[in-house]
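Inside the fold
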Amino acid sequence: MENILSEQEVQQLRAETRGTTKTIHFNNAGSSLHPDVVVNTVIDYLYEEAQNGGYETEYTYREELENTYSLIARLINARKDEIAIVENASIGWWLAFNGIDFKPGDEIITCEMEYVTNLIGLLHAQKTMGVEFKVIPNDEHGNFQLKAFEDAIGPKTKLIAVTHIPSTAGSMIPVEEIGRIARKHNILYLLDACQSVGHVPLDVQAIGCDMLAVTGRKYLRAPRGTGFLYVRKEIQDKLKLFFMDGFTTQWVTETDFKPRDDARRFEVYEKSRALTLGLGKAVEYALNIGVGRTWQRVQHLAGLLRSKLKEVNGITVHDFGDQLCGIVTFSVEGLDAAAVKNKLAEKHINVSVGKAVSTLIYMNKNHLSNIVRASVHYYNTEEEIGVLCGALEEILRVSV
């Protein structure tokens with residue numbers, strides 16, 4: 001096991017993140033504070049574009065831009081030709097999901113924690129293609145039911161589509177165990193890792209997924225408008241393409257064309273090169289620290305926050321299950337989540353509101369309309385957790 005980050009290292013990482021001097025940021029599941037080097041990489045590239053021209057600057061940085069694919073592949077233990085750079089996880093998920101050749105009567109298995117965009121995709125497939133989907137509920141302890149999942153697999157099961165870490169809960173599902181079952185039954189496996197990459201160590205070989213959709217702005221600390229899609233080499237030819245340009249093809253004649261032979265067939269040519277470089281720099285930053293090390297710290301801080309919140313009379317923590325992550329969700333008695341968020345913002349503390357629509361099946365099942373979401377990252381501190389809990393106690397005193 002890798003060593004947990006030392007306090008000296010944490011202070012150095014905070015010094016490399018100018019935002020930590022301005023605010024206490026517990027909205028990392030929404031969008032993390034960028035390391036200064038990521039910000040500078042994007043800005044410097046834009047300045048060069050302004051001075052030298054867009055295509056000319058791209059040529060100057062061609063090796064660094066290309067290396068972004070290699071860095072991403074290293075981060076998730078994939079091959080470089082299995083990576084496509086896209087704007088966000090939702091785009092990646094839709095490209096993968098809608099690339100599957102569904103037929104009427106095909107079945108999809110999902111989980112109760114599925115994100116709203118993915119649920120819309122499942123409902124759309126049901127409405128337009130006659131596809132059915134089954135939801136595997138968590139058990140009374142908040143854990144994904146692997147036996148119920150395997151029992152739900154039948155001859156018409158075409159896809160397993162699940163979200164690793166949900167938007168409005170601190171639980172996680174056992175993605176490697178799901179992958180073993182998917183491989184056993186030879187079923188396509190699409191994993192939404194929007195909240196996972198940069199948060200927990202991920203290895204697509206160990207997980208066994210065929211497709212993985214990722215957003216950069218969350219725990220990876222990359223710029224907004226960045227993300228990537230992993231598509232296992234062996235299934236790339238099995239997915240339909242919805243948008244094609246000269247970049248996505250190997251060759252074009254007046255009568256035919258052939259898609260390129262890597263995952264970049266799912267991209268489009270025109271995208272921000274500055275943001276692509278920023279994404280690569282964020283991945284490199286995470287690799288240099290070690291996601292295994294930062295994951296240990298995130299678990300420690302999240303556990304500390306949950307325990308301290310449970311000590312506050314009037315606060316209910318909603319996270320449960322055997323595998324918990326850096327997302328901490330709770331309610332404050334007598335106050336709407338948005339009101340709590342706004343009162344904390346006045347004290348320069350950032351949290352988020354988790355709405356029912358984000359993870360509709362889970363929230364409806366647990367009769368939750370909204371929750372406060374405080375998501376910790378490795379650059380947060382125990383002192384900041386103390387400030388948050390103190391602020392919440394004060395809010396409760398004033399509201400009584």
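In case you missed it, the structure is sitting above this.
Nothing here was measured: the structure is a model prediction, and the numbers come from that model. (Residues numbered from 1 in each chain as written. Predicted model: local features only at pLDDT ≥ 70, side-chain atom pairs only at ≥ 80, totals over all residues. Heavy atoms only, no water.)

**Comments concerning the state of the cysteines**
- Within this structure, the stated rule accounts for zero disulfides.
- Sulfur of Cys111: no disulfide; nearest cysteine sulfur belongs to Cys325 and is 13 Å away.
- No disulfide involves Cys209; its nearest neighbouring cysteine sulfur is the one of Cys111, lying 14 Å away. (Disulfide = S-S within 2.5 Å.)

**As for the packing of aromatic side chains**
- Here the structure, examined in full by the defined rule, presents seven aromatic pairs.
- With a centroid separation of 5.1 Å and an interplanar angle of 45°, the aromatic rings of Phe97 and Phe102 are classed as tilted. Phe102 matches Phe97 in its accessibility class, with the two residues each being buried.
- An aromatic cluster is present here, built from Trp93, Trp94, Phe97 and Phe102 joined pairwise through their rings.
- For the cation-ring pair, Arg62 lies above Tyr59, with the distance from its terminal atom to the ring centre recorded as 3.8 Å. (Phe/Tyr/Trp six-rings, centres within 6.5 Å; stacked < 30°, edge-to-face > 60°. Buried < 20%, exposed > 50% of the residue type's maximum accessible area, 1.4 Å probe, protein only. Lys NZ or Arg CZ within 6 Å of the ring centre and 35° of its normal.)

**Observations concerning the nonpolar core**
- Core analysis: the biggest nonpolar cluster contains 89 residues, and Ile76 and Tyr189 have the highest contact counts within it.
- The element that contributes the greatest number of residues to this core is helix α11 (residues 291-310), accounting for eight residues.
- Apart from residues lying up to four places away in sequence, Ile76 is in contact with Ile83, Val197, Leu202, Asp203, Val204, Leu212, Phe228 and Tyr230.
- Ranked by size, the runner-up nonpolar core spans 26 residues in total, among them Phe97, Phe133, Leu190 and Leu241. (Core = buried A, V, L, I, M, F, W, Y, C linked by side-chain atoms within 4.5 Å. Helix = DSSP H or I, 4+ residues; strand = E, 2+ residues; numbered from the N terminus. Contact = heavy atoms within 4.5 Å.)

**Considering the layout of surface pockets**
- Taken as a whole, the largest pocket holds about 460 Å³ of empty space.
- If you trace the largest pocket, you find 29 residues lining it, with Ala29, Tyr115, Ser167, Arg217 and Lys218 closest to the centre.
- Within the residue set of the lining of the largest pocket, elements represented by two or more residues are α5 (89-97), α6 (116-129) and β14 (352-355).
- In terms of residue count, the dominant contributor to the lining of the largest pocket is β14 (four residues).
- Partitioning the lining of the largest pocket into residue classes produces nine nonpolar, 14 polar and six charged. (1 Å grid on protein atoms, 1.4 Å probe; cavity = no way out; pocket = protein on both sides within 12 Å on 5 of 7 lines; lining within 4 Å. Points joined across faces, edges and corners; volume = space filled by probe spheres on them. Nonpolar A, V, L, I, M, F, W, Y, C, P; charged D, E, K, R; others polar.)

**Some remarks on the packing of helix α12 (residues 337-345) against helix α14 (residues 382-399)**
- With their axes 11 Å apart at the nearest point, α12 and α14 run at an angle of 115° to one another. Considering only the axes of α12 and α14, their crossing is right-handed. Only Leu388, Ala391, Leu392 and Ile395 of α14 make contact with α12, whose side of the interface consists of Val340, Lys343 and Leu344. (Axes fitted to C-alpha atoms, helices over the stretch in contact; angles between N-to-C directions. Left-handed = near helix turned anticlockwise from the far one by under 90°.)

**Considerations on unusual backbone geometry**
- The phi angle at Asn77 is positive, at roughly 60°, despite the residue not being glycine.
- As for its position among the elements, Asn77 is in the loop between α4 (62-76) and β2 (83-86).
- A positive phi is found at Asn186, a non-glycine position, where the angle reads about 55°.
- In this structure, Asn186 sits in the loop between α8 (175-184) and β6 (188-192).

**Thoughts on the packing of helix α2 (residues 36-52) against helix α10 (residues 273-289)**
- Here α2 crosses α10 at 155°, and the two axes come no closer than 8 Å. Between α2 and α10, the angle is such that the two are roughly antiparallel. Of the two possible hands of crossing, α2 and α10 adopt the one that is right-handed. In contact with Val37, Val38, Thr41, Val42, Tyr45 and Leu46 of α2, α10 contributes Arg273, Ala274, Leu275, Leu277, Gly278, Lys281, Ala282 and Tyr285.
- Per-class residue counts for the contact of α2 with α10 are 10 nonpolar, two polar and two charged. (Parallel < 35°, antiparallel > 145°, perpendicular 65-115°, else oblique.)

**Remarks on empty space enclosed by the protein**
- Under the definition given, this model contains one cavity of 30 Å³ or more.
- Contributing to the lining of the largest cavity are Pro35, Gly198, Tyr219, Leu220, Arg221, Ala282, Tyr285, Ala286, Val291, Thr294 and Tyr378.
- By residue number, the principal contributor to the lining of the largest cavity is α10, which donates three residues.
- Looking at the lining of the largest cavity residue by residue, the classes come out as eight nonpolar, two polar and one charged.

**Overview of the pairing of strand β8 (residues 227-231)**
- Burial runs high along β8: five of the five residues are buried.
- Here β8 shows a buried face lined by Gly227, Leu229 and Val231 and a second buried face lined by Phe228 and Tyr230.
- Bridge analysis of β2 against β8 gives four bridges, and the strand direction is antiparallel. Across the sheet, Ile83 pairs through a bridge with Tyr230, a residue of β8.
- Pairing geometry for strand β7 (residues 211-215) and β8, over five bridges, is antiparallel. Residue pairing in the sheet places Val214 in a bridge with Phe228 of β8. (Pairing = 2+ DSSP bridges.)

The analysis is restricted to geometry; functional conclusions fall outside its scope.
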